Structures are given as C-alpha cells and as structure tokens.
Amino acid sequence: MKLYELLNNVKVIQVVGNAELKEIEDITHNSQSVKENTMFFAIEGFKTDGHKFIPDAINRGAAAVVLSKVNAVPDQLFLHANCVKIVVEDTRKSLAEFSHIFYGKPSEKLNLIGITGTKGKTTTAFYIKNIFETAKYKTGLIGTIANYIGDKEIKTMLTTPQSNEVNSLLAQMLNEGCSHCVMEVSSHALHLHRVDYLNFKYGVFTNITSDHMDYHKTFEHYLNSKKILFDMLPSDAFAVVNADDENVDKLLKDSKAKKIFYGTSSDSDFRIKDIEFTLDGTNFTIINKKEEYKIDTKLVGHFNAFNATAAFCVAVMSNLDIDTIIEGIKTTPQVPGRFEVISRKNKKVIIDYSHTADSLKQALIAIHHIVKNKRPVYTVFGCGGDRDRTKRPIMGSIASEMSKKVFVTSDNPRTENPQKIIEEILSGIKQNNFIAIENREEAIRTAIFESEDNAVILIAGKGHENYQEINGVRKYFSDKEIATKYLKEWAK
C-alpha cells in the first residue's frame, strides 16, 4: 500500500518527509523485525520505550516511523535516511488505526465475536468455534491457548495479540475462507487499544472477579477496562451477558448494542436450570421463549453450563439450526488445561488453569460436588511471580480449607524468589495440612504417591501452559505430562 493512501485515512499530527513515493509492505512495533518498506511504531511500554529503537529501525531500512515524542530523534536523521517521520498523539491507538486500514478492514468482512471476562473465555470460544464448524462455517479463533485458522494452529504468547498482529490474523482468516472469528479479549488488550477499530458483531461477557490487580490496581479500573468492549459495539451488534453477575448493569450502562441475557435468574432470555455434572461431563437445560432444550457436554463443571449457554446464545442469534447448535456443544472437545481429567485405576488428577482465588475456589467446589465426601481431595498449586501478590494468602486459605492436604509449590516465579512466593501463600494457611515443595515436578509426584488410591488431585494454576518461567527463561514443563508420567509409575 502507498504510504500517502494510508495517511489519507488516518489521524496524524505531523508528517516530515516525502510520503508520495513510499510503499508500505509491513507494519511492526518490533525494531528487530524492520526491513525495507516497513513502517515502525515507537510504542512507550512498561519496561522499555520504543522511541529508543527508532535509530535502529531507520538503520534497518524503515520506510516510515510513527512516534508520539516529536523530539525523540532529530529530523536530520530521518531526512538523511529518506525515512518519513509521522507524529501522532498515541502510538498504541495509531497502530490499531493504521493496521485496520493497512490490512483492508478485515473485521468488517468477518462475523467477529469478542469474549471478555475473568473466567471462561477460552472454553466459551472453543464452544462457539465448534458450533459454527458443525454448521459448516470455517471459523478462526484468537485466544490464550493458540490461534486457529480453521484447523490450522498458530502458536501465541498473549491472550489478545498486539493490534497489527490481530488485523494480520483476521486478514489471513479471510484469505483462507473463514466467515467467522471468535476472539478472547483481555482487559489488558482493551485498555491498551489492541482491539480499537475492530468491528465486533457480538460482545460476550462471562463474569468478573478480582484479577490482574498488579496492572489495574482497583476493581473499578478492571471492570471499566472490560466495559470498553461493550461501549464500542454498534447498535446492530449483540451484547451477550451473564445476568447472574452483579456487575452487569455497570458493564452495559453505555452500550448501544442489543442486550441478550443468560443465566439462572428467571428474567434471563436464556435461562439455565437443572445443572448436573460428573467427572464424565455436564448436562443441563436451557429455556428460551418457553422452549426447553436439553444440553449435554463432555466438559465438566457448573461453570461449563454457563460457558456453553453463552455460545448457545450467540449461535441462536446467528440463526443457526437448534439441533446443529446442540450437536456442536455436545461434540466440543476437551479444552486443554481447563478442568481436564486424567485417570489411572481409581485415582483422578484434574489439570486446571485456575490461577485466581475465585477460580481456585470454583474448581474445588466442583470437585466436592462430584465426590460428595466419598473421595479425599488434594491440591497442588503455586502463584505466579511479578503478579498480584494480594491473592496469594487468600488462595492458600481456600486450598487448605477445601483440601485434605495442600502441596504448595512454584508456578511461574518469573523474576521473584519462588520461596518468598510460597511463604506469602503459607501466611494464609491456618491449619497444619500443607507441605511446601518448591520443585513443581516433585510436588506433583509426591501428591500422587502419597495420596489414597481413590484420591482426586487438583493441579491448579498453569493448565495448558507447557513451560515454567524462571528469571526470564521459559523451560519446558507440562503439568499434564508430569502428572501422566507419575500416575503411570504409581499404577504399576
């Protein structure tokens, strides 16, 4: 795309240099990926400032640089390198705006479904994707575990990638025949403008509980970040929201979208009742306009009735056949690391991504509902470093109160001392039913070998993740693989 064509469609403060002859072939915020005909965006981050890397981007052949600090680099450097300097108010916002135009406004040509909430985003996204694929629509997914274009998996590092990557993925989905895309939308992404200018047909809200307080500082800021998705929905879009959540009114206060409510409350448009679940799956009933629909899913837990119903709502509002929707829910495969059950003999291990106080509590409530005091329950968990410290003693208390024994271990300590994290967790435990084992593999092995033959062991916190991050280095580590290995040894 010609640079002047791009500039004619976006908001800028100043342009220095000749934009007429420049061709833009790529957009990036990483100076190391700059090559000829690339546009580089200097984003001021939390750990470093992209403006420091402008000379590097210019040396690598950048055709243009977008910046907000007008005096970050002398104009002479741009002119000497024949690189166009573009000044904007906010480079994060501009990256989203430029990307939207550069990639041909792909979100306007797809049925884009955004899902936000503290818990349930990933599972709800998998349900929606499977329903639409059951209805023969090729569907993309952008999410925590991976990104997908139909069946093709693309690895990911963030729940919601940076805006240029999002738009590039959406354009790729269109080129490969996708008609729909379901996307997890994190609070960080909303607050940091990664999804600005996207045209969502649906906004789905699962729930909200305290999380990411290291970033948001207050619950109000966290809620307002989630609210952005519903504020940006146009009047012909749908807001599909969990009516059981007490924050719904605040969330929807300024939304122009058509509101669709699901939940157990009697005034929900899609009412959930008669939820039953075992370690083999969940079944429940949805009532809509006096019609009752019996739903079965392989996924386990009370919360999955809500996740499946959110997907059911989106599919119904998309005019899909009811039998197809029910089949799509029934055939949705196990989501990696989301209450994933593995067994040897009569012993069960549940791998779950629960890494907040509420999600840990809900996972343990689900387990107790299933075992009904007939099996002992053990918990293995830790807390991530460089994240919200306030939840650590709370999670220790919950695990201790709801387990026969707790194995407190390391999660992703990142740059923190793992022993210090463990000590903060232990400060919340008031009874002597715990053991601290810093090595996560050893903690899992010990829980499996030292528990009764009919025990249920929850390994919480990392779920699908296949790494452990220590001092900035990610080493391969899979809770599921480690648990499977020691279950096999134990069962010999």
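What comes next is a walk through the structure. (Residues numbered from 1 in each chain as written. Predicted model: local features only at pLDDT ≥ 70, side-chain atom pairs only at ≥ 80, totals over all residues. Heavy atoms only, no water.)

## Focus on the pairing of strand β4 (residues 64-67)
Link 1 in the chain: Residues Ala64 and Val66 line one face of β4 and the alternating positions Val65 and Leu67 line the opposite face, and both faces are buried.
Link 2 in the chain: By the bridge criterion, 3 bridges tie strand β3 (residues 38-41) to β4 in an arrangement that is parallel. Its bridge partner lying in β4, Phe40 is registered against Val65.
Link 3 in the chain: Handedness of the crossover joining β3 and β4 through helix α2 (residues 54-59): right-handed.
Link 4 in the chain: Pairing geometry for β4 and strand β5 (residues 84-87), over 4 bridges, is parallel. (Buried < 20%, exposed > 50% of the residue type's maximum accessible area, 1.4 Å probe, protein only. Helix = DSSP H or I, 4+ residues; strand = E, 2+ residues; numbered from the N terminus. Pairing = 2+ DSSP bridges. Right-handed = clockwise from strand over helix to strand, strands pointing away.)

## Comments concerning the sheet that holds strand β11 (residues 202-205)
Hydrogen bonds along the backbone pair up the strands of a sheet, which may run parallel or antiparallel.
Link 1 in the chain: Ordered in space as β9-β8-β7-β10-β6-β11-β12-β13-β14-β15-β16, the 11 strands form an open sheet in which the pairing is mixed. The open sheet has two edge strands with one neighbour each: β9 (152-154) and β16 (291-297). Neighbour-to-neighbour, the strand axes of this sheet turn through a mean angle of 20 degrees, independent of strand direction.
Link 2 in the chain: Across 3 bridges, strand β8 (residues 147-149) lies against β9 in antiparallel orientation. For Ile149, the partnering residue across the bridge sits in β9 and is Lys152. (Axes fitted to C-alpha atoms, helices over the stretch in contact; angles between N-to-C directions.)

## Considerations on the state of the cysteines
Linking two cysteines covalently via their sulfur atoms produces the bond known as a disulfide.
Link 1 in the chain: For the coordinates displayed, the defined rule picks out 0 disulfides.
Link 2 in the chain: The thiol of Cys178 is not disulfide-bonded; the next cysteine sulfur, from Cys181, is found 7.5 Å away. (Disulfide = S-S within 2.5 Å.)

## A closer look at helix α16 (residues 440-449)
Link 1 in the chain: All of the buried residues in α16 are Arg440, Ala443, Ile444, Thr446, Ala447 and Ile448.
Link 2 in the chain: Turning to α16, the residues buried within the fold contact β18 (347-352), β19 (377-381), β20 (405-408), β22 (456-460), β23 (467-470) and α17 (479-491). (Contact = heavy atoms within 4.5 Å.)

## Looking at the pattern of salt bridges
Link 1 in the chain: Taken as a whole and judged by the stated rule, the model has 25 salt bridges.
Link 2 in the chain: Arg60 serves as the salt-bridge partner of Asp56, at 3.2 Å between the closest nitrogen and oxygen.
Link 3 in the chain: Assessed through its relative accessible area of 38%, Arg60 is described here as partly exposed.
Link 4 in the chain: Two residues, Lys227 and Asp254, come together in a salt bridge whose shortest N-O distance is 2.6 Å. Of this pair, Lys227 sits in helix α9 (residues 219-231) while Asp254 sits in the loop between α10 (248-252) and β13 (258-263), and the two are 27 residues apart along the sequence.
Link 5 in the chain: A relative accessible area of 39% means that Asp254 is categorised as partly exposed.
Link 6 in the chain: Overlapping salt bridges bring together Lys227, Asp231, Lys253 and Asp254 as one network. (Salt bridge = Lys/Arg side-chain N within 4 Å of Asp/Glu carboxyl O.)

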